[in-house]
Amino acid sequence: MRLKYYVNKNRQDGNGYNHEVHKLGCAWMPSNAEYLGEFDSSEDALLKAKDIYSDADGCIHCCPEINHDKR
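Residues numbered from 1 in each chain as written. Predicted model: local features only at pLDDT ≥ 70, side-chain atom pairs only at ≥ 80, totals over all residues. Heavy atoms only, no water.

Draft legend 1. Examining the pattern of salt bridges more closely. A full pass over the atoms with the stated rule returns three salt bridges. The salt bridge partner of R2 is D40, with a shortest N-O separation of 3.5 Å. Taken together, the residues R2 in the segment before β1 (3-7) and D40 in the loop between β3 (34-39) and α1 (42-52) connect sequence positions 38 residues apart. With relative accessibility at 46%, the residue R2 sits in the partly exposed group. Residue D40 is classed as exposed on the basis of its relative accessible area, which comes to 54%. Note that D55 is salt-bridged to R11, the shortest N-O span being 3.0 Å. (Salt bridge = Lys/Arg side-chain N within 4 Å of Asp/Glu carboxyl O. Helix = DSSP H or I, 4+ residues; strand = E, 2+ residues; numbered from the N terminus. Buried < 20%, exposed > 50% of the residue type's maximum accessible area, 1.4 Å probe, protein only.)

Structure representation (structure tokens):
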């Protein structure tokens, strides 16, 4: 099932200070997030986001499988 993904236009303020990838419906997705498209996996969405922001990373809440923040 393909899901819709977004990436923060601004870097996050917490750990990582990166541009986070979110799935549609994530409570932590900011209102100004940029639509990435529909993807079969979070990994594919992260690759697309890295084309825009080299520091892109997954949201710990909705995309923990692609989150690499060191906490």
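Draft legend 2. Here's a closer look at the packing of aromatic side chains. By the definition in use, this model includes two aromatic pairs. With a centroid separation of 6.0 Å and 65° between ring planes, the pair formed by Y5 and F39 is classed as edge-to-face. Note that Y5 is positioned in strand β1 and F39 in strand β3, a separation of 34 residues in sequence. For Y5, a relative accessible area of 2% puts it in the buried group. A residue is classified by how much of its surface remains accessible, and F39, at 14% relative accessible area, is buried. (Phe/Tyr/Trp six-rings, centres within 6.5 Å; stacked < 30°, edge-to-face > 60°.)

Draft legend 3. Geometry of the sheet that holds β3. The sheet built from four strands is open, its strands ordered β3-β1-β2-β4 with mixed pairing. Each of the sheet's edge strands pairs with one partner strand only, and the pair in question is β3 and β4 (57-58). Sheet analysis places β1 next to strand β2 (residues 20-23), joined by three bridges and oriented antiparallel. Note that in β2 the partner of V7 across the bridge is V21. (Pairing = 2+ DSSP bridges.)

Draft legend 4. Region of interest: the nonpolar core. Y5, V7, V21, L36 and A49 are the most contacted members of the largest nonpolar core, which totals 15 residues. Secondary-structure elements contributing two or more residues to this core are β1, β3 and α1. Per-element tally for this core: the top contributor is α1, with three residues. Excluding anything up to four places from it in sequence, V7 contacts H19, E20, V21, A33, E34, L36, A49 and Y53. (Core = buried A, V, L, I, M, F, W, Y, C linked by side-chain atoms within 4.5 Å. Contact = heavy atoms within 4.5 Å.)

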